[in-house]
There are 4 protein chains.
Amino acid sequence: MKTGPTTRTVLRVRYGETDQMGIVYYANYLTWFEVARTEWLRALGWTYKEMEAHGSRLPVIEAFCRYRQSARYDDELEIRTTGELLSPVRVRFTYELLRVADGATAAEGHTVHAATDAAGRPRKLPERVRALFS
Amino acid sequence: MKTGPTTRTVLRVRYGETDQMGIVYYANYLTWFEVARTEWLRALGWTYKEMEAHGSRLPVIEAFCRYRQSARYDDELEIRTTGELLSPVRVRFTYELLRVADGATAAEGHTVHAATDAAGRPRKLPERVRALFS
Amino acid sequence: MKTGPTTRTVLRVRYGETDQMGIVYYANYLTWFEVARTEWLRALGWTYKEMEAHGSRLPVIEAFCRYRQSARYDDELEIRTTGELLSPVRVRFTYELLRVADGATAAEGHTVHAATDAAGRPRKLPERVRALFS
Amino acid sequence: MKTGPTTRTVLRVRYGETDQMGIVYYANYLTWFEVARTEWLRALGWTYKEMEAHGSRLPVIEAFCRYRQSARYDDELEIRTTGELLSPVRVRFTYELLRVADGATAAEGHTVHAATDAAGRPRKLPERVRALFS
């Protein structure tokens, strides 16, 4: 496994992301993980959109989240995202979500992705992505 | 304008569809409208999935919803859906949402759709769909 | 009707907001409208979160959207939001969504809100909000 | 650990649950897990809604999903849900999602829940729920 850079992105909780318990509905953390890995690639000089235009996809094959302190409506959250190259056709992102106001860890998680072509067939990660890992 | 059949479908409110006000988040009604028009076509003998496979799309160009009585978690809702053919390239669906428990109207709304091909170019509604309107 | 200020907010389309047509799923525009009116109030010196803490709610009683040019994954969108005071217990927000890249109008819409207390009973809009309209 | 019953529920994939890859967006599987555990409790004679009315909550503290075969728009999916009592204040649900058409496993996963009162303080699972585990 080769570890890549860690980047940070900040987002704010939307009203529609809460549920009647008064906290964020748990599935929405996975949506934020997606925002975070999109911004990870952008921060490193490419975009997922361009990567798709070059014929590569990174469908999720595994997702995990541990929920610690509740995130609530209008909270600002910082997500620290680290990429890890598991193999030429597998990449993992790990995420740490912090509440900006008090620094508490709201959640931690990871996603594992298979590199494929547009038809879903296995395909090596683009060289431009693999070069980000040392 | 030619009016088509009215069909009924029932769904149950999911926890994740509520927000911290304790009622259903307003955007989710549009998702239910989508379920309702999918079931409208199925009840009439075709499916939207097959229609897409034949190269037609019905992107939404206008949506409206009036919210009356709140829908809440675990409520059963009946949606009454009517299709209306506005022109060979325009169709409108109107929706009435009722709470099954008490018959109250939770919401009313409509969507207008443009018929297109897979690339988004205008295209007449399939004959099989137009035949549903008298 | 008294017209209030117009504010602007920018957001970026998330992958999960698209659907298999390759464009943004139509219900998500209403979620963006919610982000836009949250930012409208913040730009004017209060927050919706604090307003709720003071016992006021603004549930949506009507929503409308006209879809013009498609919004796509990773697009930056600017939302121009204007508040209008319809009565001491009714407020309307109108929205214009522009694609930042080319200035095209992606959508236009509005929402109407009833002012209520935490239990959903009618209640005048807080003076602090009414003061924003001239 | 005490194992409880396994129940089955069927749902159909909504258009808005897909993304531009043409398959279901990964966060939506967690929403289906929620539907499945709601139906688990209903099948066993109580409802989560009533349980909340009695002052108990089951917030998610951990979620996991492994994605196997893609789920697509309009697919019917069967979810097999098993409850496991980890302790008087912890319950786990495991899920297996099958495509009804071909029996393929679309995904497997689990969620872990903490039993709390309405204010989020730890609280034993209601006796009526614990009695479901042998």
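Computed from a prediction, not measured in an experiment: that's the story for all the values here.

Cut-offs and rules
Residues numbered from 1 in each chain as written. Chains lettered and ligands numbered in written order. Predicted model: local features only at pLDDT ≥ 70, side-chain atom pairs only at ≥ 80, totals over all residues. Heavy atoms only, no water. Helix = DSSP H or I, 4+ residues; strand = E, 2+ residues; numbered from the N terminus. Rg over C-alpha atoms; globule rule 2.2 N^0.38 Å. Buried < 20%, exposed > 50% of the residue type's maximum accessible area, 1.4 Å probe, protein only. Contact = heavy atoms within 4.5 Å. Areas by Shrake-Rupley, 256 points an atom, 1.4 Å probe, with all protein chains shown as cover. 1 Å grid on protein atoms, 1.4 Å probe; cavity = no way out; pocket = protein on both sides within 12 Å on 5 of 7 lines; lining within 4 Å. Points joined across faces, edges and corners; volume = space filled by probe spheres on them. Nonpolar A, V, L, I, M, F, W, Y, C, P; charged D, E, K, R; others polar. Pairing = 2+ DSSP bridges. Axes fitted to C-alpha atoms, helices over the stretch in contact; angles between N-to-C directions. Least-squares fit on C-alpha atoms with pLDDT ≥ 70 in both. Phe/Tyr/Trp six-rings, centres within 6.5 Å; stacked < 30°, edge-to-face > 60°. Buried area = accessible area lost by both parts, 1.4 Å probe. Salt bridge = Lys/Arg side-chain N within 4 Å of Asp/Glu carboxyl O. Polar contact = N/O pair within 3.5 Å; in protein donor to acceptor, adjacent residues only side chain to side chain.

Now for the overall build of chain A. Secondary structure summary: chain A contains three helices and seven strands in total. Compactness check: chain A gives a C-alpha radius of gyration of 15 Å against a globular reference of 14 Å for 134 residues, within 12% of the reference. Its C-alpha atoms put chain A at 45 × 30 × 25 Å along the principal axes. Counting the 134 residues in chain A, one finds 59% classified as buried. The contacts of chain A with a sequence gap of at least 6 include a subset with a gap of at least 24, amounting to 67%. Accessible surface, chain A as shown: approximately 5500 Å² in total, 47% of it carbon and sulfur.

Our focus in this paragraph is empty space enclosed by the protein. Rolling a probe over the atoms, with the probe sized like a water molecule, indicates the empty space that remains. If you walk through the whole model with that rule in mind, you get two cavities of 30 Å³ or more. Considering only enclosed or pocket space, the largest cavity measures out at about 720 Å³ in volume. Along the walls of the largest cavity sit 28 residues, with Asn-28 of chain A, Asn-28 of chain B, Gly-16 and Asn-28 of chain C together with Asn-28 of chain D positioned nearest its centre. Within the lining of the largest cavity, the residues separate by chemical class into eight nonpolar, 12 polar and eight charged. Put simply, the second largest cavity is a space of about 30 Å³. For the second largest cavity, the full set of lining residues is Leu-30, Ala-63, Phe-64 and Cys-65 of chain A together with Leu-30, Ala-63, Phe-64 and Cys-65 of chain D. Where the lining of the second largest cavity is concerned, the elements lending two or more residues are strand E3 (60-67) of chain A together with strand E3 (60-67) of chain D. Of the residues that constitute the lining of the second largest cavity, the class distribution is eight nonpolar, no polar and no charged.

Turning next to the sheet that holds E3 of chain A. Pairing is antiparallel across the open sheet formed by 10 strands, whose spatial order is E1(A)-E4(A)-E5(A)-E6(A)-E3(A)-E3(D)-E6(D)-E5(D)-E4(D)-E1(D). At either end of the open sheet lies a strand with only one pairing partner, and these are strand E1 (2-12) of chain A together with strand E1 (2-12) of chain D. Taken over all neighbouring pairs, the strand axes of this sheet differ in orientation by 15° on average, direction set aside. Summarising the sheet, strand E5 (residues 90-99) of chain D and strand E6 (residues 105-114) of chain D pair through nine bridges and their orientation is antiparallel. Its bridge partner being in E6 of chain D, Val-91 of chain D is matched across the sheet by His-113 of chain D.

Residue and element names in this part refer to chain B. Not every positive phi belongs to a glycine, and Asp-74 is a case in point at roughly 75°. With respect to the secondary-structure elements, Asp-74 resides in the loop between strand E3 (60-67) and strand E4 (76-87). Taking the relative accessible area as the measure of exposure, Asp-74 reaches 9% and is therefore buried.

Let us now look at the relation of the copies chain B and chain C. Least-squares fitting of chain B to chain C yields an RMSD of 0.0 Å, with the superposition described by an axial translation of 0.0 Å and a rotation of 180°. Taken together, the rotation angle and the small translation identify this as a two-fold axis. Relative to the rotation axis, the closest C-alpha in chain B is found at Phe-64 of chain B, a distance of 2.2 Å. Taken together, the interface assignments show that 100% of the residues at the interface of chain B recur at the interface of chain C, consistent with an identical surface on both copies.

This brings us to the packing of aromatic side chains. This structure, assessed with the given rule, holds 40 aromatic pairs over all chains. Taken together, a centroid distance of 4.9 Å and an interplanar angle of 90° make the contact between Tyr-29 of chain C and Tyr-67 of chain C edge-to-face. Of this pair, Tyr-29 of chain C sits in helix H1 (residues 28-43) while Tyr-67 of chain C is found in strand E3 (residues 60-67), placing the two residues 38 residues apart along the sequence. For Tyr-67 of chain C, a relative accessible area of 10% puts it in the buried group. Grouped by ring-pair contacts, the aromatic residues Tyr-25, Tyr-26, Tyr-29, Trp-32 and Tyr-67 of chain A constitute a single cluster.

This brings us to the interface of chain C and chain D. With nine residues of chain C at the contact, the number on the chain D side is nine residues. When chain C packs against chain D, the two sides together hide about 910 Å² of surface, and 57% of this comes from carbon and sulfur. Of all residues in chain C, the largest losses of buried area upon contact with chain D belong to Tyr-15, Gly-16 and Gln-20 of chain C, amounting jointly to 60% of the total for that side. Across the chain C-chain D interface, the total number found is zero salt bridges. Run the count over chain C and chain D and you get four residue pairs in polar contact (both at pLDDT 80 or more). Residues belonging to the side of chain C that touches chain D are distributed by class as follows: four nonpolar, four polar and one charged.

As a further point, take the interface of chain B and chain C. Taken together, the contact pairs 22 residues of chain B with 23 residues of chain C. Both sides together, the interface formed by chain B and chain C hides about 1900 Å², and carbon and sulfur atoms give 57% of it. Looking only at chain B, the three residues that lose the most surface to chain C are Met-21, Tyr-26 and Leu-30 of chain B, adding up to 29% of its buried area. If you look at where chain B meets chain C, you find two salt bridges.

Attention now moves to the pattern of salt bridges. Summed over all chains, the structure comprises 64 salt bridges over all chains. Across the pair Glu-62 of chain C and Arg-66 of chain B runs a salt bridge, and its minimum N-O distance is 3.3 Å. Here Arg-66 of chain B lies in strand E3 and Glu-62 of chain C lies in strand E3, a pairing that spans two chains. Taking relative accessible area as the criterion, Glu-62 of chain C reaches 17% and is therefore assigned buried. Here the salt bridges share partners, and the residues they tie into one network are Arg-12, Asp-74 and Glu-76 of chain A together with Glu-39 and Arg-42 of chain C.

Inspection of the secondary structure puts Tyr-48 of chain A in helix H2 (residues 48-53). Judged by its relative accessible area of 12%, Tyr-48 of chain A falls in the buried class. Residues Tyr-48 of chain A and Leu-58 of chain A lie 10 residues apart in sequence; the distance between their C-alpha atoms is 9.1 Å. Ignoring anything within four residues of it in the chain, the contact list for Tyr-48 of chain A reads Leu-41, Arg-57 and Leu-58 of chain A together with Tyr-15 and Tyr-73 of chain C. A polar contact of 2.9 Å, which involves the side chain of Tyr-48 of chain A, links it to the backbone nitrogen of Leu-58 of chain A.

Residue and element names in this part refer to chain B. Residue position: His-113 is located in strand E6 (residues 105-114). Of the polar contacts made by the side chain of His-113, one reaches the backbone oxygen of Leu-58; its length is 2.9 Å. Ignoring sequence-local partners within four residues, the contact set of His-113 consists of Arg-37, Leu-58, Pro-59, Val-60, Ile-61, Val-89, Arg-90, Val-91, Phe-93 and Tyr-95.

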